[in-house]
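The lines below spell out each chain.
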Amino acid sequence: RFGAGALRLDNTKLIFRLAPDGAPTSAHAHVHGEANQLVEEWMLAANGAAAERLTSRAPTRALLRRHSPPAQSKLEEVAAAVKDAVGVTLDVSSAGALHASLTAAAATLPPAAAAALTLLCTKPMQLATYDCAGAVAGGVEAMGHYALAMRLYTHFTSPIRRYPDVLVHRMLAATLDGGSDGGAPSPPCDDDWWHARGVAEPAAVAAAAAHCNERKLAAKAVQDASSKLFLADL
């Protein structure tokens, strides 16, 4: 995956141990082991396959996870600052080039410095968002994922904890209902056909995506504030 141009920016995630009354008693950094990595790779592959299926059968309704490229000027500012401060050269020409630069730097820097470098490179990045392919200028071709270096990506693997995954499951179920190859008949079906299978029109999918983006940001803010509060209470 990284050979194909993917980028990974892992920032330290704290895990807290709590007393019976809920007060934090200790904290440690989350360890992302090889078993986690294996599960993650299969998860990414499944999400990518789901995205390809959705867009081939329902290109105007597909709910995708989009990650737009960062502002190049901002990345170049970070690269210049890092070069001046610690003498590390970062290639910010692409996601893959940046990943290779960070990997090389991590092999020579102390762990704390490498973590700080990763954090600096995170700042210029745009947030990934949920979007309806039919409601975005450029359509499917504008729905790429910068960090994963994938043409199309969605969230399909966690329907028990993310509502967008539930929408994607409904859409996938509809694409398997009819057609000689198990896909939606061609030409694309009308709105009534999709509605009968629990799939809304593009405008409604776009509205649901916007709501999910808003709730995702709110949840992330609460999570970050909770970690800061627990850390301050130790």
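Note that the structure is predicted; figures quoted are calculated from it, not measured.

Scoring rules and cut-offs
- Residues numbered from 1 in each chain as written.
- Predicted model: local features only at pLDDT ≥ 70, side-chain atom pairs only at ≥ 80, totals over all residues.
- Heavy atoms only, no water.
- Helix = DSSP H or I, 4+ residues; strand = E, 2+ residues; numbered from the N terminus.
- Buried < 20%, exposed > 50% of the residue type's maximum accessible area, 1.4 Å probe, protein only.
- Areas by Shrake-Rupley, 256 points an atom, 1.4 Å probe, with all protein chains shown as cover.
- Lys, Arg positive; Asp, Glu negative; His and termini not counted.
- Charge placed at Lys NZ, Arg CZ, Asp CG, Glu CD.
- Core = buried A, V, L, I, M, F, W, Y, C linked by side-chain atoms within 4.5 Å.
- Contact = heavy atoms within 4.5 Å.
- Phe/Tyr/Trp six-rings, centres within 6.5 Å; stacked < 30°, edge-to-face > 60°.
- Lys NZ or Arg CZ within 6 Å of the ring centre and 35° of its normal.
- Salt bridge = Lys/Arg side-chain N within 4 Å of Asp/Glu carboxyl O.
- Axes fitted to C-alpha atoms, helices over the stretch in contact; angles between N-to-C directions.
- Parallel < 35°, antiparallel > 145°, perpendicular 65-115°, else oblique.
- Left-handed = near helix turned anticlockwise from the far one by under 90°.
- pLDDT = per-residue confidence, 0-100.
- Expected span 1.5 Å × (residues − 1).

### With respect to the overall build of the protein
Logical step 1: The helix and strand tally for the protein stands at seven helices and four strands.
Logical step 2: Secondary structure elements of the protein, listed N to C terminal, follow the sequence β-β-α-β-α-α-α-β-α-α-α.
Logical step 3: The dimensions of the protein, computed from C-alpha atoms along their principal axes, are 60 × 50 × 30 Å.
Logical step 4: Per-residue burial for the protein yields a buried fraction of 34% across its 234 residues.
Logical step 5: Accessible surface computed for the protein: about 13100 Å², of which carbon and sulfur atoms make up 60%.
Logical step 6: Charge-centre separation for the protein: the mean point of 21 positive side chains lies 3 Å from the mean point of 22 negative side chains.

### Describing the nonpolar core
Logical step 1: One finds Leu63 and Leu64 to be the most contacted residues of the largest nonpolar core, which totals 25 residues.
Logical step 2: Among the secondary structure elements, those contributing two or more residues to this core are α1 (34-57), β3 (63-66), β4 (129-132), α5 (163-175), α6 (191-195) and α7 (202-233).
Logical step 3: Here this core gets five residues from one element, more than from any other, and that element is α5.
Logical step 4: The contacts of Leu64, once residues within four sequence positions are left out, are Ala51, Thr55, Thr129, Tyr130, Asp131, Ala133, Met143, Leu152, Tyr153 and Thr154.
Logical step 5: Listed in part, the 18 residues of the second largest apolar core include Val82, Ala95, Cys121 and Tyr146.

### Side note on the packing of aromatic side chains
Logical step 1: Within the structure shown, the criterion is met by two aromatic pairs.
Logical step 2: The lysine or arginine in question, Arg65, covers the ring of Tyr130, its NZ or CZ lying 4.4 Å from the ring centre.

### Quick notes on the side chain of His99
Logical step 1: Its place among the elements puts His99 in helix α3 (residues 95-106).
Logical step 2: The buried category is assigned to His99, whose relative accessible area is 15%.
Logical step 3: Apart from residues lying up to four places away in sequence, His99 is in contact with Phe2, Ala6, Leu7 and Arg8.

### Here's the deal with the pattern of salt bridges
Two side chains carrying opposite charge are able to pair once their charged atoms lie near each other.
Logical step 1: The full count for this structure, using the stated rule, is 10 salt bridges.
Logical step 2: Asp10 is the salt-bridge partner of Arg8, the closest N and O atoms lying 2.4 Å from each other.
Logical step 3: Given a relative accessible area of 22%, Arg8 falls into the partly exposed group.
Logical step 4: For Arg162, the salt bridge goes to Asp165, with nearest N and O atoms at 2.8 Å. Exposure class is identical for Arg162 and Asp165. Each is buried.

### A short note on the packing of α3 against helix α4 (residues 111-122)
Logical step 1: Two numbers describe how α3 lies on α4: the axes approach to 9 Å, and their chain directions differ by 160°. Between α3 and α4, the interaxial angle falls into the category roughly antiparallel. Crossing of α3 against α4: the hand is right-handed. Contact residues: Leu98, Leu102, Ala105 and Ala106 in α3; Ala114, Leu117 and Cys121 in α4.

### Some remarks on the confidence of the model for the protein
Logical step 1: The pLDDT averaged across the protein works out to 91; a share of 95% of its residues lies at or above 70.
Logical step 2: Here α6 stands out as the element of the protein with the lowest mean pLDDT, 82, in contrast to β3, whose mean of 98 is the highest.

### Considerations on the environment of Pro202
Logical step 1: Along the chain, the position of Pro202 falls in helix α7.
Logical step 2: The exposure class of Pro202 is partly exposed, given its relative accessible area of 21%.
Logical step 3: For the pair Pro202 and Asp191, spaced 11 residues apart in the sequence, the C-alpha separation amounts to 9.8 Å.
Logical step 4: Ignoring anything within four residues of it in the chain, the contact list for Pro202 reads Thr60, Arg61 and Cys132.

### So, α3
Logical step 1: End to end, α3 covers 16 Å across 12 residues, agreeing with the expected 16 Å (1.5 Å per residue, within 8%).
Logical step 2: Considered for burial, the residues of α3 that qualify are Ala95, Gly96, Ala97, Leu98, His99, Ser101, Leu102 and Ala105.
Logical step 3: Residues of α3 that are buried sit in contact with α2 (72-86) and α4.

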